[in-house]
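Residues per chain, in single letters:
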Amino acid sequence: MVRVTFLTADGRSVAAEGEAGQALLEVGQNAGLPLEGTCEGQMACSTCHVIVSPEWFDRLPDASDDEEDMLDLAAGVTRTSRLSCQVLLEAGLDGLEVRLPAEARDMQPR
Ligand code: FES
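Residues numbered from 1 in each chain as written. Predicted model: local features only at pLDDT ≥ 70, side-chain atom pairs only at ≥ 80, totals over all residues. Heavy atoms only, no water.

What about the overall build of the protein?
Logical step 1: Per the secondary structure count, the protein includes 3 helices and 5 strands.
Logical step 2: Helices and strands in the protein line up, N terminus first, as β-β-α-β-α-α-β-β.
Logical step 3: Expressed along its principal axes, the backbone C-alpha trace of the protein runs to roughly 40 × 30 × 25 Å.
Logical step 4: Here the protein holds 110 residues, and 43% of them are scored as buried.
Logical step 5: Considering only residue pairs separated by 6 or more positions, the protein has 64% of its internal contacts joining residues 24 or more positions apart.
Logical step 6: Counting only carbon and sulfur atoms, one obtains 45% of the accessible surface of the protein, whose full area is about 6,200 Å².
Logical step 7: On the protein, the mean spot of the 8 positive side-chain charges and the mean spot of the 20 negative ones are 7 Å from each other. (Helix = DSSP H or I, 4+ residues; strand = E, 2+ residues; numbered from the N terminus. Buried < 20%, exposed > 50% of the residue type's maximum accessible area, 1.4 Å probe, protein only. Contact = heavy atoms within 4.5 Å. Areas by Shrake-Rupley, 256 points an atom, 1.4 Å probe, with all protein chains shown as cover. Lys, Arg positive; Asp, Glu negative; His and termini not counted. Charge placed at Lys NZ, Arg CZ, Asp CG, Glu CD.)

A look at the packing of aromatic side chains
Logical step 1: Applying the stated criterion across every chain, the model contains 0 aromatic pairs.
Logical step 2: Above the ring of W56, the side-chain terminus of R59 is found at 4.1 Å from the ring centroid. (Phe/Tyr/Trp six-rings, centres within 6.5 Å; stacked < 30°, edge-to-face > 60°. Lys NZ or Arg CZ within 6 Å of the ring centre and 35° of its normal.)

Comments concerning the environment of S81
Logical step 1: Inspection of the secondary structure assignment puts S81 in strand 4 (residues 81–83).
Logical step 2: In this structure the C-alpha to C-alpha distance between S81 and G11, which are 70 residues apart in sequence, comes to 18 Å.
Logical step 3: With residues up to four places along the chain from it excluded, the contact list for S81 reads H49, V50, I51, F57, L71 and G76.
Logical step 4: One polar contact links S81 to H49, side chain to side chain, over a distance of 2.8 Å.
Logical step 5: Side-chain polar atoms of S81 contact the backbone nitrogen of T78, separated by 2.7 Å. (Polar contact = N/O pair within 3.5 Å; in protein donor to acceptor, adjacent residues only side chain to side chain.)

Quick notes on the nonpolar core
Logical step 1: Grouped together as the largest cluster of nonpolar side chains are 26 residues, with contacts concentrated most on F6, L24, V52, L96 and V98.
Logical step 2: For this core, the secondary structure elements donating two or more residues are strand 1 (2–7), strand 2 (13–18), helix 1 (24–30), strand 3 (49–52), helix 2 (54–57), helix 3 (65–71) and strand 5 (96–99). (Core = buried A, V, L, I, M, F, W, Y, C linked by side-chain atoms within 4.5 Å.)

Concerning the pattern of salt bridges
A side chain with one charge may pair with a side chain of the opposite charge, provided their charged atoms come close.
Logical step 1: For the structure shown, the criterion picks out 3 salt bridges.
Logical step 2: One salt bridge in this structure joins R12 and D10, with 3.7 Å as the shortest N-O distance.
Logical step 3: Note that E67 is salt-bridged to R82, the shortest N-O span being 2.7 Å. One end of the pair, E67, is in helix 3; the other, R82, is in strand 4, and 15 residues separate them in sequence. (Salt bridge = Lys/Arg side-chain N within 4 Å of Asp/Glu carboxyl O.)

Listed below in structure tokens is the structure:
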């Protein structure tokens, strides 16, 4: 099991668990978090954007050029932003901490 903590835009901390090889996006969705992942990992939407804690960011494999290009279009991007569909869990990431961007869908006026 790989443990991941998600910090929500409204300040909640949600503990989740996944298996090695599973995408971070799926772990967040399984935990009931508002990660849309509209394109299901095809790097065509950026609705799976998360902000990785700085102390964890450098431990992740680098983003591909395609991921970087898509992140450029995401709202609220920071230096440690990633597309969660592109981050695969591995044993060394046990304890990973990521934040959901404030621009999540639930914050939009209806
Ligand atoms: Fe669309 Fe990640 S799910 S880019």
